[in-house]
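Descriptive analysis of the structure
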Amino acid sequence: MEIKDGNESAKEISFRCVQCGFSVTTLYIQYSPGNIRLMKCGNCKAIADEYIECELMILVIDLILHKIRAYRHLFYNRFSRETLHNEGLLWKFSLGFLILDAYQMLVVCTTPDERSLPASFASFMGLSGKVLTGVFFGNLIFLGIILFGTRRFLNAKIGDSRCKHILLSILLSSYFKIFLISMMVWEFPSSVVFIINMFVLSSNALALLVITDAVMIRCIWICLAAHAMKFLVTQGLGAYRKLVLW
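Quick look at the structure, then. (Residues numbered from 1 in each chain as written. Predicted model: local features only at pLDDT ≥ 70, side-chain atom pairs only at ≥ 80, totals over all residues. Heavy atoms only, no water.)

1. Re the overall build of the protein chain
Secondary structure summary: the protein chain contains 10 helices and five strands in total. Across the 246 residues in the protein chain, those meeting the buried criterion constitute 41%. Residue pairs in contact within the protein chain that sit at least 24 positions apart in sequence constitute 61% of those at least 6 positions apart. Roughly 14200 Å² of accessible area belongs to the protein chain as shown, and the carbon and sulfur atoms make up 65% of that amount. (Helix = DSSP H or I, 4+ residues; strand = E, 2+ residues; numbered from the N terminus. Buried < 20%, exposed > 50% of the residue type's maximum accessible area, 1.4 Å probe, protein only. Contact = heavy atoms within 4.5 Å. Areas by Shrake-Rupley, 256 points an atom, 1.4 Å probe, with all protein chains shown as cover.)

In structure tokens, the structure reads:
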């Protein structure tokens, strides 16, 4: 019987126990196709990662319920080191995030008359400029505060690879923004956007906690400050059109 490591191509990668966060060298041993044995954590003696045998929907539900073990599985065990450093993946998530953010600003910072088809090309360009400017500067401030707060208050070293890891974790943990798509089909009050943002904020804080192993309250304050500044910037740009020159 052939016994092989469950992750031969990533033997040197340190995985994490989803229960306690302790580093483990391997998550399972595969005896034959479809016949595996989950490994136990050397620290808490529990199964290191039970999500390996779970359906994807179970993981999605636990992510929505903000279970920390689901976030550990996603950021440390679901994605390999090569995946986390994949520039193409980072750009795809960034593009999707910015598109949803642009639609969010369109809903929050414009009136129904402005969201209807513009009467002229000039008004269309003015509306597009307001949205794109708000998205650019809002997210620039947002990510700047996240990285600064992580380095200053969480005592985490910020290198090139570390920045990518943190950025990808923030993008992935903003999955609640996908519910904005439903607002393109059905009409909802704009207050729904703020409810979605509250879920995004709490998910971002939990992701930052998992990535940095810091104190939860500090992660919450950093994410709250980042989201608050982003909101103020986008609202300010939306209220004062004269700041955007065309």
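What follows picks up the thread again.
2. Details of the pairing of strand E4 (residues 28-32)
Where E4 lies against strand E5 (residues 35-38), four bridges are found, and the strand directions are antiparallel. Within E5, the position partnered with Ser32 by the bridge is Asn35. Between the end of E4 and the start of E5, which pair antiparallel, lie two residues, with Gly34 showing a positive phi angle near 85°. (Pairing = 2+ DSSP bridges.)

3. Here's the deal with the side chain of Asp62
Structurally, Asp62 can be placed in helix H1 (residues 56-64). When neighbours within four sequence positions are excluded, Asp62 is seen to be in contact with Tyr51, Lys67 and Ala70.

4. Examining the layout of surface pockets
Rolled over the atoms, a probe as big as a water molecule pinpoints where empty space is left. Taken as a whole, the largest pocket holds about 480 Å³ of empty space. Along its surface, the largest pocket is lined by 20 residues, and Phe93, Leu171, Leu172, Ser174 and Tyr175 are the ones closest to its centre. Counting residues per element, the ones that place at least two in the lining of the largest pocket are H1, helix H2 (68-78), helix H4 (87-108) and helix H7 (160-172). Of the residues contributing to the lining of the largest pocket, the split by class is 15 nonpolar, two polar and three charged. (1 Å grid on protein atoms, 1.4 Å probe; cavity = no way out; pocket = protein on both sides within 12 Å on 5 of 7 lines; lining within 4 Å. Points joined across faces, edges and corners; volume = space filled by probe spheres on them. Nonpolar A, V, L, I, M, F, W, Y, C, P; charged D, E, K, R; others polar.)

5. Overview of unusual backbone geometry
For residues that are not glycine, phi is negative in most cases, and the peptide bond is trans in most cases. Phi at His66 is positive, roughly 60°, even though this residue is not glycine. Position of His66 relative to the elements: it lies in the loop between H1 and H2. Overall, His66 belongs to the partly exposed group, its relative accessible area being 23%. Residue Asp213 is not a glycine yet carries a positive backbone phi of 55°.

6. Here we look at the environment of Val215
Note on placement: Val215 falls in the loop between helix H9 (191-212) and helix H10 (216-239). The exposure class assigned to Val215 is partly exposed, which follows from its relative accessible area of 48%. Considered as a pair, Val215 and Phe153 are 62 residues apart in the sequence and their alpha carbons are 9.8 Å apart.

7. Section: the pattern of salt bridges
Oppositely charged side chains can form a pair if their charged atoms are brought close together. A complete count under the given rule lists five salt bridges for this structure. Its salt-bridge partner being Arg69, residue Glu50 comes within 3.4 Å of it at the nearest N-O pair. One end of the pair, Glu50, is in the loop between E5 and H1; the other, Arg69, is in helix H2, and 19 residues separate them in sequence. Residue classification places Glu50 among the partly exposed positions, given a relative accessible area of 24%. Take Arg69: its relative accessible area is 27%, and that puts it in the partly exposed class. (Salt bridge = Lys/Arg side-chain N within 4 Å of Asp/Glu carboxyl O.)

8. A few points about the environment of Ala228
Tracing the sequence through the fold places Ala228 in helix H10. Distance in space between the C-alpha atoms of Ala228 and Phe142 is 8.6 Å, their sequence separation being 86 residues.

9. Some thoughts on the environment of Ile220
Along the chain, Ile220 falls in helix H10. The exposure class assigned to Ile220 is partly exposed, which follows from its relative accessible area of 31%. For the pair Ile220 and Ala205, spaced 15 residues apart in sequence, the C-alpha separation works out to 5.1 Å.

10. Quick look at the nonpolar core
Within the largest apolar cluster, 30 residues are counted, with the highest numbers of intra-cluster contacts made by Leu63, Tyr71, Phe75, Ile146, Ile166 and Leu208. Broken down by secondary-structure element, the contributors of at least two residues to this core are H1, H2, H4, helix H6 (121-153), H7, H9 and H10. In terms of residues, this core owes the most to one element, H9, which gives seven residues. With nine residues, the next largest nonpolar core counts Val107, Met183, Val193 and Ile196 among its residues. (Core = buried A, V, L, I, M, F, W, Y, C linked by side-chain atoms within 4.5 Å.)

11. Looking at the packing of H1 against H2
Their axes nearest at 8 Å, the elements H1 and H2 cross at an angle of 125°. The angle between H1 and H2 places the two elements in the oblique class. Contacts from Leu56, Leu59, Asp62 and Leu63 of H1 reach H2 at Ala70, Tyr71, His73, Leu74 and Arg78. Taken together, the residues of the contact of H1 with H2 sort by class into six nonpolar, one polar and two charged. (Axes fitted to C-alpha atoms, helices over the stretch in contact; angles between N-to-C directions. Parallel < 35°, antiparallel > 145°, perpendicular 65-115°, else oblique.)

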